[in-house]
Amino acid sequence: MAETFEPTNIIVTGGCGFIGSNFVHHVVNNHPGVHVTVLDKLTYAGNPENIAGLPADRVELVVGDICDAELLDRIVPGHDAIVHYAAESHNDNSIADPEPFVQTNVVGTFRLLEAARKYDVRYHHVSTDEVYGDLALDDPARFTEETPYRPSSPYSSSKASSDMLVRAWHRTYGIRATISNCSNNYGPYQHVEKFIPRQITNIIDGIRPKLYGDGKNVRDWIHTEDHSSAVWTILTKGRLGETYLIGADGEKDNISVLRAILRAMGQPEDAFDWVRDRPGHDRRYAIDSTKLRRELGWQPQHTDFESGLEATIAWYRDHEAWWRPAKAETEAKYAKQGQ
Ligand code: NAD
Ligand code: DAU
């Protein structure tokens, strides 16, 4: 194991989004000596409410774009690490309009790497298992750090490109970087465009949930709190230049997840609509996180999916004011796509 890195003043990009804001809560709750500067553009996916109420002496929000080099020159000096979550994150959006994905995910990462190089700041890059493409349903294999990159969508190819930039900046310029590739997250503060929140909020609204294709696509679910603890572990204990896969052995097909939501919300298990499949829809993701567990001693804590799902459903029931403003527009966009 590498020497422990003890950051005290970090930048979290995308800290008003789903996973970034959960990470900010995790840091505030578990690492009292650390100050967080959130850098977030507040796109449709960013909501300052996600970090509202956190102590002002621990968390500062800077509204701005990671592509803005002058802004980075102003805010990066004085920090000891950048944890980079900001991204365009939704596959369906990337199919409809790929340009912002290249801009934010590729150019934005390039700008942050240049700032990390200029100011000698440690850098952790948050990425996705989707860079590895997909696996067949009947293939016993899971992704490892050695699996070749084979991204399928504009979103996953932009994330794969950003990972490659990080590897090159580490090797060529020696920036102090680590990378993590995580599977599908669920939990509070996830935008209603994503699978689980979309179906929960549809049921609350009396709309039938929508299942793409044949519903057999498999995702490897992890609670976002476990993702946060893994990222903190890699930031502080990971070896520089290394990639760590993050997963919690949560493989499930979409129809099983949807039926679990319907059951938990008191609905018949067949009360949903089959809709048009996503073009290029990845069949199955599955993570082997042995390296992270063995080398850095990380373990997921929230492995009971059914109870995590129930808590997530309760969160959406209790936070209608949070998701309501985005719901109608999101569904209108899906309706146009036949989904
Ligand atoms: P999200 O869409 O919920 O949040 C993205 C955040 O980034 C928003 O707050 C948005 O305002 C901000 N942002 C977007 N463009 C920006 C820009 N140019 N400058 C500054 N801020 C900008 O995304 P998420 O689901 O929380 O994903 C966060 C990260 O985790 C992404 O890098 C994603 O690839 C990765 N990831 C997500 C999952 C998942 O299941 N959601 C799994 C593995 C990895
Ligand atoms: O694997 C990690 C990735 O997980 C992250 O990198 C992405 O940022 C994140 O969005 C997520 O990508 P997916 O495309 O897997 O997530 P999404 O929630 O969009 O869809 C999950 C599965 O559910 C997928 O197989 C498509 C399907 N789906 C989705 C929606 C929105 C449906 O069947 N119906 C739906 O309405």
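Rules used throughout
Residues numbered from 1 in each chain as written. Chains lettered and ligands numbered in written order. Predicted model: local features only at pLDDT ≥ 70, side-chain atom pairs only at ≥ 80, totals over all residues. Heavy atoms only, no water. Pairing = 2+ DSSP bridges. Helix = DSSP H or I, 4+ residues; strand = E, 2+ residues; numbered from the N terminus. Axes fitted to C-alpha atoms, helices over the stretch in contact; angles between N-to-C directions. Contact = heavy atoms within 4.5 Å. Core = buried A, V, L, I, M, F, W, Y, C linked by side-chain atoms within 4.5 Å. Buried < 20%, exposed > 50% of the residue type's maximum accessible area, 1.4 Å probe, protein only.

Colleague: Looking at this structure, how should I read the sheet that holds strand β6 (residues 177–182)?
Modeller: Within a sheet, adjacent strands bond to each other through the backbone by hydrogen bonds, running parallel or antiparallel. What the 7 strands build is an open sheet, ordered β3-β2-β1-β4-β5-β6-β11; its pairing is parallel. Bordering the open sheet on either side are β3 (59–63) and β11 (243–246), each of which pairs with just one other strand. When strand polarity is set aside, the average angle formed by the axes of neighbouring strands in this sheet is 20°. Note that strand β1 (residues 9–13) and strand β2 (residues 35–40) share 5 bridges and pair parallel. Across the sheet, the residue bridging to Val12 is Val38, located in β2. On top of the sheet, helix α1 (residues 18–30) reaches β1, β2, β3 and β4 (81–84); it is set at about 160° to β1, its chief contact. Helix-sheet contacts for helix α5 (residues 154–173) involve β5 (122–128), β6 and β11, and the interaxial angle to β5 is about 155°.

Colleague: Help me understand the nonpolar core, please; the structure alone is not making it clear to me.
Modeller: Side chains of a nonpolar character, in soluble globular proteins, are inclined to be buried together. Ile10, Phe23, Val24, Val83 and Ile246 are the most contacted members of the largest nonpolar core, which totals 31 residues. Only β1, α1, β2, β4, α7 (224–237), β11 and α9 (290–296) provide two or more residues apiece to this core. Ranked by residue count, the leading element in this core is α7, at 5 residues. With sequence-adjacent residues up to four places away left out, Val24 is seen in contact with Val12, Gly15, Val36, Val38, Ile51, Leu54 and Val59. Counting residues in each nonpolar core, the second largest holds 25 residues, with Val192, Ile203, Phe305 and Trp323 among its members.

Any functional reading would require information that these geometric values do not contain.
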